[in-house]
Amino acid sequence: MSYLIRASVLLGTVLGLAHATHAQQVTVDSIKLARLGGLYLPASHRALMFSLQPETGNTTRLRHYVFDASLRRRARQDVYLPGRVTMVNAATSRHHLLYQFRRRGTDSLLTLVVDTTGRVVHKQAERQRGLPWQELRGALAPLSAGFLTEEPSRRHDKTMVRYLTPDLKQQWEHRFTSTQGKVAIEQAVLDSTHLWLVVSTNAQSRRATAKAYCLELATGRVLCRMPLDYNNERRVPGVGAMGPGHSLLLAGYTFAGNRPSRTSTGQLFYTRINPDSTRQFDRRIALSQEARLLSAQGRKVFWEALQPDAAGNVRLVGETYTSTSFGGHMAIAMVTAFATLGIAYLNTTTLRPRDVVTLKMMADGQVAEVRSLPLPEAGSYTVGGYLQARRMAEAAARAGVFRLRGFTPDSNRIVLRSARRVLTYDLRTGQPVTVREVPANGYFDVWFAEQNQMLLYHEQRMPQRVTLQQAAY
């Protein structure tokens, strides 16, 4: 994936809140769903919801609702912004949120910093410096005092990563460039003192190469530059996490030679890289040889989350899927063209999630346990034209088609949202437990999982209504 943010349990959601019907449920009626959004601050257990609404006099109202862990409303704040604005970026730190707005028809960029009460504590207006506004991206940094943002160039051959304090002072910046093709930040993994960036050059091509950078978060000083390729194998990063001693734990796909296969997602690699530029270990795991993964034979795997547990082990979770092959795509195209006398045809690529796969790795990287959960309650994802399988999986993940919604805080269970239910899956026993059935109308999903409870939301279009609900598990 070529976006900076990848949160383990926080989802990009569309929800809003108005009045609490009781401590475990909040509903708002008569809303415009496309103008609503929300973020969660785990350090302070606060949910901050916002709505953008055009007002008379050529202004836009930004309204914040702040709720505590019991869904009791703590504050409501209104901020009036000049002109008609669109939100283009959001980022979080330990106790603040950053919003960036673009005024329509101009290159003006307005940045607001909001505290946990929804109050604006800093505001800054600036010209956009020629950046493509729709490409500004933020990162969730709940352990950090500042904000991490990424700003790509128009041609995507350069990108700038900046670290800002809550009063919008720039602590440092780093520019990454690609002499050929695009550059992409594949992973951003950080704690309160260190930041790992996994950067691909010539991104989106079969010749893409990736390198891991470790930075001192406060100063931006580069501590490590480490190519991912190892033992003459091309490594494609998948998911990462912070490990012991500020090390980078990284899993992904490995291919013999210097080009990934067009038809296979490759085998699994798992490595630990230290800030002193040493590899603690590097494992190549041939999943096709694991008898316990027979249900995954003939299917591809999309790795979604890597989570260390309290005992020093690591849980890796992915989902198998099937996707229309290039040959199948062309065959359908030829049949369709023949049926329409060659005048026109519409052809698509379709992805379908299948099983959920979990691995437990020990501190030395050895695989200790493999589980597969057959979970047929899945939808599908379709795009026009042909898209290679791994790219198709990345697009489906951004669209929320895969079912993983994160780990519970104790790392022993994962939260899944299937077509029919929200459930937890115990990684120790392999037992699924249904938390809530999915309503027949509207859109229903998981927003955040905390100790023994999770936040669920339900969008209903007719009439327009959003409900946020607390559920025990």
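Residues numbered from 1 in each chain as written. Predicted model: local features only at pLDDT ≥ 70, side-chain atom pairs only at ≥ 80, totals over all residues. Heavy atoms only, no water.

This part takes up the overall build of the chain. Across its full length, the chain holds two helices and 34 strands. Taking all 473 residues of the chain together, 54% fall into the buried category. Residue pairs at least 24 apart in sequence account for 50% of intrachain contacts in the chain once pairs closer than 6 positions are excluded. (Helix = DSSP H or I, 4+ residues; strand = E, 2+ residues; numbered from the N terminus. Buried < 20%, exposed > 50% of the residue type's maximum accessible area, 1.4 Å probe, protein only. Contact = heavy atoms within 4.5 Å.)

Time to look at the pattern of salt bridges. Counted under the stated rule, the structure contains 24 salt bridges. A salt bridge links Glu 369 to Arg 315; its shortest N-O distance comes to 3.1 Å. A residue pair is termed long-range when its members are at least 10 positions apart, and Glu 369 in strand S26 (residues 367-374) and Arg 315 in strand S24 (residues 314-323) qualify at 54 residues. Close ionic contact of Arg 420 with Glu 377 constitutes a salt bridge, the shortest N to O distance being 3.1 Å. With Arg 420 in the loop between strand S29 (413-417) and strand S30 (421-426) and Glu 377 in the loop between S26 and strand S27 (381-384), the pair connects residues that are 43 residues apart, well separated along the chain. Residue classification places Glu 377 among the buried residues on the basis of a relative accessible area of 8%. (Salt bridge = Lys/Arg side-chain N within 4 Å of Asp/Glu carboxyl O.)

Ranked by size, the top nonpolar core spans 32 residues in total, and within it Tyr 270, Trp 303, Leu 306, Leu 316 and Leu 359 carry the most contacts. No other element matches the five residues that helix H2 (residues 389-398) contributes to this core. Within the second largest apolar cluster, 18 residues are counted, among which are Leu 48, Ala 75, Val 79 and Val 85. (Core = buried A, V, L, I, M, F, W, Y, C linked by side-chain atoms within 4.5 Å.)

Our next topic: the pairing of strand S8 (residues 97-103). Of all seven residues making up S8, six are buried, and the element is well covered by its neighbours. Inspection of the sheet shows strand S7 (residues 85-92) paired to S8 by seven bridges, in the antiparallel sense. Residue pairing across strands places Thr 92 opposite Leu 97, the latter belonging to S8. Counting the residues that bridge the hairpin from S7 to S8 gives four residues. Pairing between S8 and strand S9 (residues 108-114): six bridges, direction antiparallel. From the neighbouring strand, Gln 100 faces S9, where its bridge partner is Thr 111. Connecting S8 to the next strand, S9, in antiparallel fashion are four residues, including Gly 105 with a positive phi near 80 degrees. (Pairing = 2+ DSSP bridges.)

Attention shifts here to the confidence of the model for the chain. Looking at the chain as a whole, its pLDDT mean stands at 81, while 84% of the residues score no less than 70. Every residue in residues 1-23 is under pLDDT 50, and counting partners more than four places away or in other chains gives 88 contacts. For residues 333-341, every residue scores under 50 in pLDDT, and the model assigns this stretch six contacts once sequence neighbours within four places are set aside. (pLDDT = per-residue confidence, 0-100.)

Attention now moves to the packing of aromatic side chains. Given two aromatic rings, one states the distance between the centres and the angle between the planes to describe the pair. Per the counting criterion, the structure on display carries seven aromatic pairs. Centre to centre, the rings of Tyr 99 and Phe 101 are 6.4 Å apart; their planes meet at 55 degrees, and the pair counts as tilted. The two residues Tyr 99 and Phe 101 agree in class, both being buried. Between Tyr 443 and Tyr 457, the aromatic rings sit 6.2 Å apart at their centres with planes inclined by 50 degrees, giving tilted as the arrangement. Of this pair, Tyr 443 sits in strand S32 (residues 443-450) while Tyr 457 sits in strand S33 (residues 453-460); the two residues are 14 residues apart in sequence, bridging distant segments of the chain. For Tyr 443, a relative accessible area of 33% corresponds to the partly exposed category. (Phe/Tyr/Trp six-rings, centres within 6.5 Å; stacked < 30°, edge-to-face > 60°.)

We now examine the environment of Asp 282. Tracing the chain through its elements places Asp 282 in strand S22 (residues 279-285). Sequence separation between Asp 282 and Gln 366 is 84 residues, and the spatial gap between their C-alpha atoms is 9.7 Å. Excluding residues within four positions of it along the chain, Asp 282 makes contact with Tyr 230, Arg 235, Tyr 270 and Thr 271. At 3.2 Å, the side chain of Asp 282 forms a polar contact with the side chain of Thr 271. Side chain to side chain, Asp 282 and Arg 279 meet in a polar contact 3.3 Å long. (Polar contact = N/O pair within 3.5 Å; in protein donor to acceptor, adjacent residues only side chain to side chain.)

Strand pairing in a sheet takes place through backbone hydrogen bonds and is either antiparallel or parallel in direction. Strand order in the open sheet made by the four strands is S11-S12-S13-S14, with antiparallel pairing throughout. Here the strands that pair on one side only, and so sit at the sheet edges, are strand S11 (137-138) and strand S14 (170-177). Where S11 and strand S12 (residues 147-152) come together, two bridges link them in antiparallel fashion. Its bridge partner being in S12, Arg 137 is matched across the sheet by Glu 150.

Moving on: the side chain of Asp 282. Relative accessible area serves as the criterion here: at 16%, Asp 282 is assigned to the buried category. A polar atom in the side chain of Asp 282 sits 2.9 Å from the side chain of Arg 235.

A separate point is the sheet that holds S29. Pairing in this open sheet of four strands is antiparallel, and the strands run S28-S29-S30-S31 from one edge to the other. Two strands bound the open sheet, and with one partner strand each, they are strand S28 (404-407) and strand S31 (432-437). Here the strands of the sheet are splayed against their neighbours by 20 degrees on average, with no regard to which way each runs. Pairing of S28 with S29 involves three bridges; the strand directions are antiparallel. In the sheet register, Phe 407 faces S29, and the bridge partner there is Ile 414. (Axes fitted to C-alpha atoms, helices over the stretch in contact; angles between N-to-C directions.)

It is worth spelling out empty space enclosed by the protein at this point. Taken as a whole and assessed by the stated rule, the structure comprises three cavities of 30 Å³ or more. Here the largest cavity is characterised by a volume of approximately 160 Å³. Around the largest cavity, the lining comprises 19 residues; the ones closest to its centre are Ser 200, Ala 208, Val 236, Arg 390 and Arg 391. Element by element, the count of residues in the lining of the largest cavity is highest for strand S19 (residues 233-242), at four residues. Its residues placed into classes, the lining of the largest cavity shows seven nonpolar, four polar and eight charged. (1 Å grid on protein atoms, 1.4 Å probe; cavity = no way out; pocket = protein on both sides within 12 Å on 5 of 7 lines; lining within 4 Å. Points joined across faces, edges and corners; volume = space filled by probe spheres on them. Nonpolar A, V, L, I, M, F, W, Y, C, P; charged D, E, K, R; others polar.)

On to the pairing of S14. Bridge count for strand S13 (residues 158-164) against S14 is seven bridges, and the pairing is antiparallel. By the bridge assignment for S14, Met 160 is matched with Arg 175.

Considering the arrangement of structural elements, one finds Ala 440 in the loop between S31 and S32. Measuring from C-alpha to C-alpha, the distance between Ala 440 and Arg 420 comes to 8.8 Å, with 20 residues separating the pair along the chain.

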